[in-house]
Amino acid sequence: MPAWRIALMLLAGVAYAGASHWMMLYHAAEPWAVVVLLVPLWLTGLGLAGQHLGRAGLALVAVLGVAGLGLVMSGHAGDPNPLYVLQHVGINALLAGWFGGTLRAGQLSLIGQFAQRIHTLTPDMRRYTARVTAVWTVYFCVVCALSLGVYLLRPFEDWSLFSNVVTPVGVGALFVGEYLLRYRLHPEFERVRLIDAVRAFYAPAKQ
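Everything numeric here is computed off the predicted structure, so don't read it as measured data.

*Asks:* How would you explain the overall build of the protein if you had to name every residue and give the values?
*Replies:* Counting secondary structure elements, the protein contains 8 helices and 0 strands. Listed N to C, the secondary structure of the protein is α-α-α-α-α-α-α-α in terms of helices and strands. Buried residues in the protein amount to 34% of all 207 residues. In the protein, 64% of the contacts between residues at least 6 apart in sequence involve partners at least 24 apart. Here the protein has roughly 12300 Å² of accessible surface; of this, 71% comes from carbon and sulfur atoms.

Right, dumping it as structure tokens:
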């Protein structure tokens, strides 16, 4: 994937986060805003259903999404704020399960799978990438807990700031921080550019 496309995707992510925060503050109950803000959860569900449940599961999630859209547009969806919280917690819980599910004994961790696309992994690198995968798993679990805590204990505006700004900034900080720390902890690792680490996420797995 070329650098310009990665940069464009990052800019689009930043723009979406800012727009989501704005919509939640000023248009949270508007049907069009509810649709825009909940689309990521539906798309995630479609992707997971298509991958793990086959055509029947994909069709079920699609029908549920259309039904939910109908409720929103007719004004019968009720208070949308819990739906936003559900989306945020749900996506982070899925990510925690995705990362953590690869930490079973004898299995290459998820970060190890990404690293394998640009490295020939040594046993030390396999162990290190497993630890990094565990850190990411804990991060997503902590985000889920904090999301619920902020929603229950603070004004909704604070929760919106946490979900739309703090959470993605935390992801970026953890990603860049691990990249910078990696070579201090393991100077023997082959150095790659940060952009190559990003590309590894989208690159096809080695056969």
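After that view, the rundown keeps rolling.
*Asks:* How would you sum up the packing of helix 4 (residues 81–100) against helix 6 (residues 123–153)? Please name residues and give values.
*Replies:* Between helix 4 and helix 6, the shortest axis-to-axis distance is 8 Å and the interhelical angle comes to 165°. Classed by the angle they form, the pair helix 4 and helix 6 counts as roughly antiparallel. Like other packed secondary-structure pairs, helix 4 and helix 6 cross with a definite hand, here left-handed. Taking contact as the criterion, the partners of Asn81, Pro82, Val85, His88, Val89, Asn92, Ala93, Leu95, Ala96, Phe99 and Gly100 in helix 4 are, on helix 6, Thr133, Trp136, Thr137, Phe140, Cys141, Val143, Cys144, Ser147, Leu148 and Tyr151.

*Asks:* Explain the pattern of salt bridges to me, using residue names and the numbers behind them.
*Replies:* The full count for this structure, using the stated rule, is 2 salt bridges. As a salt-bridge pair, arginine 127 and aspartate 124 come within 2.3 Å of each other at their nearest N and O atoms. In this pair, arginine 127 and aspartate 124 are both assigned in helix 6, 3 residues apart and thus about one turn of the helix distant. With a relative accessible area of 47%, arginine 127 lands in the partly exposed category.

*Asks:* How would you sum up the side chain of threonine 102? Please name residues and give values.
*Replies:* By the element assignment, threonine 102 lies in the loop between helix 4 and helix 5 (110–115). Ignoring sequence-local partners within four residues, the contact set of threonine 102 consists of Gln107, Leu108, Ser109, Leu110, Gln113 and Thr133.

*Asks:* Which residues make up the environment of valine 138, and what values do they have?
*Replies:* Assignment of secondary structure puts valine 138 in helix 6. The class for valine 138 is exposed, based on a relative accessible area of 51%. Once the C-alpha coordinates of valine 138 and phenylalanine 99 are considered, the two residues, 39 residues apart in sequence, prove to be 9.4 Å apart.

*Asks:* How would you sum up the packing of aromatic side chains? Please name residues and give values.
*Replies:* As enumerated under the stated definition, the model contains 8 aromatic pairs in all. Ring centres of tryptophan 136 and tyrosine 139 lie 6.0 Å apart, and the angle between their planes is 80°; this geometry places the pair in the edge-to-face category. On the criterion of helical spacing, the pair formed by tryptophan 136 and tyrosine 139 is a turn pair, its members being 3 residues apart in helix 6. Each member of the pair, tryptophan 136 together with tyrosine 139, is buried. The interplanar angle of 25° and the centroid separation of 5.4 Å between the aromatic rings of phenylalanine 156 and tryptophan 159 together place this pair among those described as stacked. With phenylalanine 156 and tryptophan 159 both in helix 7 (residues 156–185) and 3 residues apart, this pair spans about one turn of that helix. Accessibility expressed as a relative area gives 14% for phenylalanine 156, which makes it buried. In this structure an aromatic cluster arises from ring pairing among Trp98, Phe99, Phe114, Trp136, Tyr139 and Phe140.

*Asks:* Before we move on, can you summarise the nonpolar core with the specific residues and values?
*Replies:* Counting 13 residues, the largest nonpolar core has Met24, Leu37, Tyr84, Phe156 and Trp159 as the members making the most contacts within it. If you list the elements that add at least two residues to this core, you get helix 1 (3–26), helix 2 (31–52), helix 4, helix 6 and helix 7. When residues in this core are grouped by element, the largest group, 4 residues, is from helix 2.

*Asks:* If you had to explain the environment of isoleucine 111 to someone new, which residues and values would you point to?
*Replies:* Looking at the secondary structure, you find isoleucine 111 in helix 5. Judged by its relative accessible area of 18%, isoleucine 111 is buried. A sequence separation of 22 residues divides isoleucine 111 from threonine 133, and the C-alpha atoms of the two residues are 5.6 Å apart. Discounting residues that sit within four places of it in the chain, isoleucine 111 has contacts with Phe99, Thr129, Val132, Thr133 and Trp136.

Quick notes on the rules
Residues numbered from 1 in each chain as written. Predicted model: local features only at pLDDT ≥ 70, side-chain atom pairs only at ≥ 80, totals over all residues. Heavy atoms only, no water. Helix = DSSP H or I, 4+ residues; strand = E, 2+ residues; numbered from the N terminus. Buried < 20%, exposed > 50% of the residue type's maximum accessible area, 1.4 Å probe, protein only. Contact = heavy atoms within 4.5 Å. Areas by Shrake-Rupley, 256 points an atom, 1.4 Å probe, with all protein chains shown as cover. Axes fitted to C-alpha atoms, helices over the stretch in contact; angles between N-to-C directions. Parallel < 35°, antiparallel > 145°, perpendicular 65-115°, else oblique. Left-handed = near helix turned anticlockwise from the far one by under 90°. Salt bridge = Lys/Arg side-chain N within 4 Å of Asp/Glu carboxyl O. Phe/Tyr/Trp six-rings, centres within 6.5 Å; stacked < 30°, edge-to-face > 60°. Core = buried A, V, L, I, M, F, W, Y, C linked by side-chain atoms within 4.5 Å.

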